[in-house]
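Take a look at the letters that make up each chain.
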There are 4 protein chains.
Amino acid sequence: MSLLADLLTTVFERRARIGPILRRDPRSTEALISDLMGARSETAALSLARRVLQRYVELDDAGKLAIFRHVAETYGLDAEALRSALDAFEAAPSGTTYRAFTHACEAPRQELMRRLNAVPGGTERLVQMRADLRRLGGDEAALQALDLDAKHLLRAWFNRGFLVLRPISWESPAHILEKIIEYEAVHAIHSWDDLRRRLKPADRRCFAFFHPAMPDEPLIFVEVALTKGIPGSIQKLLAEDRLPGGSGEADTAVFYSISNCQPGLAGISFGNSLIKQVVSDLAAELPGLKTFVTLSPIPGLTRWLKAEGRSFDPQDGKAMAALAAHYLLHAKRPDGQPVDPVARFHLGNGAMVQAVHAEADVSENGLRQSGGVMVNYLYDLNRVEKYHDRYADSFEVTAAQGVKSLANTREKVAAG
Amino acid sequence: MSLLADLLTTVFERRARIGPILRRDPRSTEALISDLMGARSETAALSLARRVLQRYVELDDAGKLAIFRHVAETYGLDAEALRSALDAFEAAPSGTTYRAFTHACEAPRQELMRRLNAVPGGTERLVQMRADLRRLGGDEAALQALDLDAKHLLRAWFNRGFLVLRPISWESPAHILEKIIEYEAVHAIHSWDDLRRRLKPADRRCFAFFHPAMPDEPLIFVEVALTKGIPGSIQKLLAEDRLPGGSGEADTAVFYSISNCQPGLAGISFGNSLIKQVVSDLAAELPGLKTFVTLSPIPGLTRWLKAEGRSFDPQDGKAMAALAAHYLLHAKRPDGQPVDPVARFHLGNGAMVQAVHAEADVSENGLRQSGGVMVNYLYDLNRVEKYHDRYADSFEVTAAQGVKSLANTREKVAAG
Amino acid sequence: MSLLADLLTTVFERRARIGPILRRDPRSTEALISDLMGARSETAALSLARRVLQRYVELDDAGKLAIFRHVAETYGLDAEALRSALDAFEAAPSGTTYRAFTHACEAPRQELMRRLNAVPGGTERLVQMRADLRRLGGDEAALQALDLDAKHLLRAWFNRGFLVLRPISWESPAHILEKIIEYEAVHAIHSWDDLRRRLKPADRRCFAFFHPAMPDEPLIFVEVALTKGIPGSIQKLLAEDRLPGGSGEADTAVFYSISNCQPGLAGISFGNSLIKQVVSDLAAELPGLKTFVTLSPIPGLTRWLKAEGRSFDPQDGKAMAALAAHYLLHAKRPDGQPVDPVARFHLGNGAMVQAVHAEADVSENGLRQSGGVMVNYLYDLNRVEKYHDRYADSFEVTAAQGVKSLANTREKVAAG
Amino acid sequence: MSLLADLLTTVFERRARIGPILRRDPRSTEALISDLMGARSETAALSLARRVLQRYVELDDAGKLAIFRHVAETYGLDAEALRSALDAFEAAPSGTTYRAFTHACEAPRQELMRRLNAVPGGTERLVQMRADLRRLGGDEAALQALDLDAKHLLRAWFNRGFLVLRPISWESPAHILEKIIEYEAVHAIHSWDDLRRRLKPADRRCFAFFHPAMPDEPLIFVEVALTKGIPGSIQKLLAEDRLPGGSGEADTAVFYSISNCQPGLAGISFGNSLIKQVVSDLAAELPGLKTFVTLSPIPGLTRWLKAEGRSFDPQDGKAMAALAAHYLLHAKRPDGQPVDPVARFHLGNGAMVQAVHAEADVSENGLRQSGGVMVNYLYDLNRVEKYHDRYADSFEVTAAQGVKSLANTREKVAAG
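Bear in mind that the values here come from a model prediction, so they are computed numbers and not experimental data.

Asker: What is the right way to look at the overall build of chain A in this model?
Answerer: Regarding its fold elements, chain A presents 19 helices and 7 strands. By residue count, 47% of the 416 residues in chain A fall in the buried class. Long-range contacts, defined here as pairs at least 24 residues apart, represent 73% of the contacts in chain A between residues at least 6 apart.

The following block contains the structure:
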């Protein structure tokens, strides 16, 4: 086997090797953690880290929460020591004093997490632990600090340079595909047949980011349809009886679903990188593609309309579209950003609002959330940086003239 | 292709893609770095990071040193801001104040390095930059602090859980093998034929650690000979005209050369993990192996003898062996550890001094460094942790009775 | 990528490349074949072969049959030419006359098939064509001869030395797994969940033979359960709510389903090799396995009982088991071999009849075919060759004493 | 691992598994072969085939020749049986009589070879055996017939559809690269450094055909230089101190060395397919390439000049070039084909003579064989089929006007 292929195969095999279940250890979880923190040899540390990880998964939620609190309190920052170290460094800056300072700066629980991560498969477990922490932790200050430390390390380990973009296809391993079914968060995949329809036709693509230390777990994925022209209906795009086009004829790539897979990596954003790299890879592979666009939900629309006390009728597609355009362009949070979370994501990436379509998602969920309206955000690679900066400066929403007019209509209507 | 194999293939391809040389940018390196630190979009940051990395390799040593000083000073710690943040956190511990504190704790140059690392292939460049920094930096306090920050990040990125052990064989890619030739630091490999003799016979093995983000660069490797009994001469072990044994008949695995490959990863130790994992893998593959032992140089012997003013005669093998045993067991640094660096490494890993052999390395280098004497350190998996702890506690050197007697002889001789 | 991995990846890519659909060619299929046979350059031959393969798939059954007849008649053996060549060779044996003889010996349609096989993906198409031929050809002598020529070539191309045994697991590509679902011929797989239950648990295995030129098509596969002791009920073995054991505790490997996948490879037997290699691989991987046994249907039992005019009652398990034992040991075809096809297969491989179980397959199909009885054939690697030869000599059926007694009981009963 | 990658990995592993050396068998080689031919079970046949292959490699040349003669005579054609089978088939054509006929048609030694090929690694051994047979066999009629049978089977097994084109690069496994060094037949590779210069620069490429059953053995390879314009000197093309160009700037791909690797596959031509596929792959990868051309030796030139009694002076480049042009266009064998073997190969592939260069190969060998002259054969994909057919019809040599004029000059000179 090639060295390259081998590298990951090995990662994988090692991961599998964590498996063998260790005999019951009489020590409490807290004692195991304490012993792990005190372990001096790598061998001892690895063995204890495995025990801690194994013990953790046997805990119920109350037990997990107790451990989180224990770790947060026992292995937190020593502010006095830090102040002394900082003083010493300032008094006599040197390698030695800086080293002592950086050591004092760091809550010891970070070292705990590093030791857990040294176990093969440890990364995946830590991501799962942080997911638990966020689910259970609420707004306890100590647990928030613990979460920030975990995030700090995970951000280092999931550095963009380590991520790997992989196509997901009908030839991908089944155990990955079942996770695609499970993690799809926008337009549910109802069965393996449904999945095959999203992956197998020549005009469908899917891409995911992976990390070499978690090769069985997608981090985020995007589903793409290759079309002629920009589509305005998700049901038509995914219709079972549609005639699949060839990838060669397409001029447009439609990103119709983006799903984050790992709640344990919350706050470490992959979506921007994913879209940019998929756009760049597809453009290289299929030179006929000229337009890169989303077909996105408007999840906050009806909630906002109700909160604003505005009446609306999903049956009246024209009016709904005008309301949606108005909402996307003018409904703002106190900080000046759009109310709509999907809008914030794409506009923050440098996309613009290209078009708004009524009766575009007539599923129960689509009607309830957004009165059936959907929106295309356009990624124009030549302008994405300019729009990004403009948005970053002033939260200015760039939109096509048609959408602006539509929003305007609405205002007139509202004013009329 | 499989997902697993693909992951790394992609890493590799992306690495290759850094290649395209960017057009000359009129900005100074300092300005590019400043712009990179200020970049708000990922796209902009990636593009600037590529420019910085490309600019760096064009610099001569003076230019590199100037950049290191610039970064160390411009993007260093803000002690006042840190004190405020720490006070604020202590006054009102919360997620928000802790986040501000952790931010203040970190010199901005860490963010600079993270941004450089996001470029495909950036990891390898950063490792090279740190090698330059250590070569050029001397004992300047500011540069030592910069080095510590770099080491801090590299330690996170090269976490043990991310390393991959791979066999190196005559079927490995040539561009990896030429690096094995280049990096071999103990017993030089003189040609491709020489390399083939170290890799191809059934009784020879080689293993290296790799990191997925640097798949073309071994981090550390060990060469192994499978033998019957413990050998006492490196020249015999590597003789061109020896009759290679089958791997099946061997009862002993001899680690006769361990080489670190990356000066840019200095201080991040892989040797201990490497030996432990190779022992464990070999034991699983070849159940006939009962003994795991090194055949190691004693690089500090003659220097120490001279410094001590003791006379010695490399021709008198018996006396040299006794001197070597004495040196290994009793020559200590002020901190209590052995003077010999190789001894410190293996004893620190939990090995013991098993045997000392005169006329074991009659190469020019072997005679000059250690009067031709070599030593076997024994890795006994059942005791390695015990010996490690014993050494860690008191720097007590565990040795076989024969070596102790030999050292004793010497003392008597010396005393006589 | 590694050379090894690359080789097949390339095969795969080339296969995909056949895809591009050629523009409609005005020539008749017969004319295309004639041009292909006459093509002098490889380039021309490849292009024509692609056209012929593409044209073929567009034909309906009548069109296919017409082409088979055309080829059988037009490109058949020239007996006169063969006689002359044989005479000439005997008169003056030499390289030249032997070459002419071997040329005359071969019907030109073999060259036609070789030229079709040179197209990437051609092998898979030829296998499909032979499946069509066997389905449509009936007992027409000319088509049987054509089938024999096809089989002759396919046997050369599917030489045992070229086959590759691969584990099929829940991590295998979905497009392979959907073929496992489709081709399962013994105990139907009803859904992807059902498939997961057959592949994912630690005590389940599946293996298939593949050919490098058809990497997406399994040739034959076997499903294996790892158990403690020899099981006597397929429903218990496959129960949804069973507690999966670990592979480490098992002492028995049960081959409970073997399915041929390619009707176009009829008469080219893979089952014997498959079982032998799986036994050998499992024995190496899991030293705890001591017994290799099937849990097989007895598909001809009730049919034979009816033909013999014997009454039987599936409710009376004891009597059914005795009847089944009698049938397996004593019901023979005119040629002396057992009537039961599954018995012929396993006994011909050198297995013995180990045990007979009543109420072992209470599915509708199991009750109808065999009154719910199943049988274990035992593969004892130390005796498989001896039993094979004994069977090959005299069709003697080797059976365990218990089965013989059971069959005997039945005879007494029948006689009583 | 992926199924695809696995397939070949397995092939490879199985190949390695042949290794274990069997205990000495007391039977003679002839007896082992006889037992193999008589083996009824696959298990027995595989075991005997392994013994035969192992015994064979222990034989010296005399022993090998004796075995070849034994097999040729003992397992040859039974002409009488064939005549009867042919008569029976003609009297009553049916599947049964055709099957008997095809069986009778085939010398039993073919079955012998098939059984040897069923052993993992058998294919490579059979190729080696045929190389021995051709080396030792001379013009013995019986051995020529044996060789033809071997070639018949190898041609089936090495069908174009099973071959895999792989790039050979500096990242290829060393054990493959050392074979490239060994097999290079045109411009010797003197060292690993020399090899690196042929593989590593961006303007150098190498491609080889492999067969999945012999993944460690290239069948044929071609070395390619990417250049601006058509080169006229091999020494300049391979100069150590040349400045490597980027692949992107090149407009011409120069095939400057093609080497067959397997004498045991003599008469089974891969060169034509190799060149065509490399041209097609390079054209797809590098759209800037417009010209595909060889830089070829003229190995028969000086020999022919001497045989013709024509005087020539390698120092007089101009005259040599004219002589070479004349030779290529007009020196013919009795069958009408060019005398020059390299010319026959490329013209037979559909290439044309594009240019002739004096002082193009000033190596000792180049001067001796062809007075330093070299030739470019041009592969024009749009015309290659036309030229091929023209050559196949009448052996007409297509040449550029310049070459014709040059040849003409020479004639005038000769006539003058």
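Asker: Help me understand the pairing of strand E4 (residues 252–260) of chain D in this model?
Answerer: Here is the key point about a regular strand: its side chains alternate between the two faces of the sheet. Residue and element names in this part refer to chain D. Relative to E4, strand E3 (residues 220–227) runs antiparallel, the two being bridged by 8 bridges. Along E4, the bridge assignment pairs phenylalanine 221 with serine 259. When E4 meets strand E5 (residues 291–294), the two strands line up parallel, connected through 4 bridges. Looking at the pairing, phenylalanine 255 lines up with threonine 294 of E5. Where the polypeptide runs from E4 across helix H13 (residues 271–285) and back to E5, its parallel neighbour, the crossover connection is right-handed.

Asker: Is there a simple way to explain the relation of the copies chain B and chain A in this structure?
Answerer: For the pair of chain copies, the relating operation is a rotation around an axis with a shift along it. Superposition of chain B onto chain A requires a rotation of 180° combined with a translation of 0.0 Å along the rotation axis, giving an RMSD of 0.1 Å. Taken together, the rotation and translation describe the operation of a two-fold axis. Here 100% of the contact residues of chain B are again contact residues in chain A; the copies associate through an equivalent surface.

Asker: I keep staring at the interface of chain B and chain A and nothing clicks. Help me out?
Answerer: A common way to express how large an interface is: the accessible area buried when the components associate. Counting from both sides, the interface comprises 64 residues of chain B and, opposite them, 64 residues of chain A. When residues in the side of chain B that touches chain A are grouped by element, the largest group, 10 residues, is from helix H1 (residues 3–17) of chain B. Classifying every residue of the side of chain B that touches chain A by side-chain character gives 34 nonpolar, 19 polar and 11 charged.

Asker: What is the right way to look at the UniProt feature "domain: Malonyl-CoA decarboxylase N-terminal" (unreviewed entry) in chain A in this model?
Answerer: The positions that UniProt labels "domain: Malonyl-CoA decarboxylase N-terminal" (unreviewed entry) are, in the present scheme, residues 75–158 of chain A. Each end of residues 75–158 of chain A is marked by a C-alpha atom, and these two atoms are 24 Å apart; helix forms 79% of the span and strand 0%.

Asker: Teacher, can you tell me more about the confidence of the model for chain A here?
Answerer: Close reading of the predicted structure is inappropriate where its pLDDT is low. Model confidence for chain A is summarised by a mean pLDDT of 90, while 93% of its residues fall at 70 or above. The complex prediction reports pTM at 0.89, with the ipTM value standing at 0.86.

Asker: Honestly, the environment of C:Thr29 in this entry has me stumped. Any pointers?
Answerer: Residue and element names in this part refer to chain C. You can see threonine 29 is positioned in helix H2 (residues 29–38). Judged by local crowding, threonine 29 falls into the buried class, with 20 C-beta atoms found within 10 Å. For the pair threonine 29 and arginine 55, spaced 26 residues apart in the sequence, the C-alpha separation amounts to 6.9 Å. Once you skip the residues sitting within four places of it in the chain, threonine 29 turns out to touch Arg55 and Ile67.

Asker: Can you help me understand the UniProt feature "domain: Malonyl-CoA decarboxylase C-terminal" (unreviewed entry) in chain A in this one?
Answerer: All names here are of chain A. UniProt tags residues 161–308 and 318–380 as "domain: Malonyl-CoA decarboxylase C-terminal" (unreviewed entry). Here residues 161–308 runs as 30% helix and 22% strand, with 44 Å between its end C-alpha atoms. As annotated, residues 318–380 has a helix share of 46% and a strand share of 17%, and its two end C-alpha atoms lie 27 Å apart.

Asker: I keep staring at helix H9 (residues 141–157) of chain A and nothing clicks. Help me out?
Answerer: Two residues of an α-helix separated by three or four positions point the same way, owing to the 3.6 residues in each turn. Compared with an ideal rise of 1.5 Å per residue, which puts 17 residues at 24 Å, H9(A) spans 24 Å between its outermost C-alpha atoms and is within 8% of the ideal. Taken together, the buried positions of H9(A) are occupied by A:Leu143, A:Gln144, A:Ala145, A:Leu146, A:Asp147, A:Asp149, A:Ala150, A:Leu154 and A:Trp157.

Asker: How do you make sense of unusual backbone geometry when you look at a structure like this?
Answerer: Working note: non-glycine residues mostly have negative phi, and peptide bonds are mostly trans. Look at A:Phe395: it is not a glycine, yet its phi comes out positive at around 55°. Topologically, A:Phe395 is positioned in the loop between helix H18 (384–394) and helix H19 (401–415).

Asker: Is there a simple way to think about the packing of helix H5 (residues 79–91) of chain C against helix H6 (residues 95–105) of chain C in this case?
Answerer: In a pair of packed helices, the angle between the axes and the distance between the axes together describe the arrangement. Residues and elements named next belong to chain C. At a minimum axis distance of 8 Å, the contact between H5 and H6 shows a crossing angle of 160°. Overall, the two elements H5 and H6 adopt an arrangement that is roughly antiparallel. In terms of crossing hand, the pair formed by H5 and H6 is left-handed. The residues of H6 that touch H5, namely those facing Ala81, Leu82, Ala85, Leu86, Ala88 and Phe89, are Thr97, Tyr98, Ala100, Phe101, Ala104 and Cys105.

Asker: Sorry if this is basic, but what is going on with helix H14 (residues 301–308) of chain A here?
Answerer: All names here are of chain A. Looking only at H14, the buried set comprises Leu301, Thr302 and Leu305. Along the long axis of H14, the arc covered by the buried residues comes to 90°, so they all point the same way. Phi for glycine 309, located one or two positions after H14, is positive at around 75°.

Asker: What should I look at first to understand the environment of D:Ser405 in this one?
Answerer: Within the secondary structure, D:Ser405 sits in helix H19 (residues 401–415). Along the sequence, D:Ser405 and D:Leu32 sit 373 residues apart, while their C-alpha atoms lie 65 Å from each other.

Asker: Just checking my understanding: could you explain the environment of A:Phe207 for this structure?
Answerer: Residues and elements named next belong to chain A. Here phenylalanine 207 shows up in strand E2 (residues 204–210). Taking the number of C-beta atoms within 10 Å as the measure of exposure, phenylalanine 207 has 22 and is therefore buried. Considered as a pair, phenylalanine 207 and glutamate 223 are 16 residues apart in the sequence and their alpha carbons are 6.8 Å apart. Discounting residues that sit within four places of it in the chain, phenylalanine 207 has contacts with Leu165, Arg166, Pro167, Ile168, Phe221, Val222, Leu274 and Val278.

Parameters at a glance
Residues numbered from 1 in each chain as written. Chains lettered and ligands numbered in written order. Predicted model: local features only at pLDDT ≥ 70, side-chain atom pairs only at ≥ 80, totals over all residues. Helix = DSSP H or I, 4+ residues; strand = E, 2+ residues; numbered from the N terminus. Buried ≥ 20, exposed ≤ 12 C-beta atoms within 10 Å, placed from the backbone. Contact = placed C-beta atoms within 7 Å. Pairing = 2+ DSSP bridges. Right-handed = clockwise from strand over helix to strand, strands pointing away. Least-squares fit on C-alpha atoms with pLDDT ≥ 70 in both. Nonpolar A, V, L, I, M, F, W, Y, C, P; charged D, E, K, R; others polar. UniProt positions renumbered as here; feature names shortened; annotations may be inferred. pLDDT = per-residue confidence, 0-100. Expected span 1.5 Å × (residues − 1). Axes fitted to C-alpha atoms, helices over the stretch in contact; angles between N-to-C directions. Parallel < 35°, antiparallel > 145°, perpendicular 65-115°, else oblique. Left-handed = near helix turned anticlockwise from the far one by under 90°. Arc of directions from axis to C-beta.

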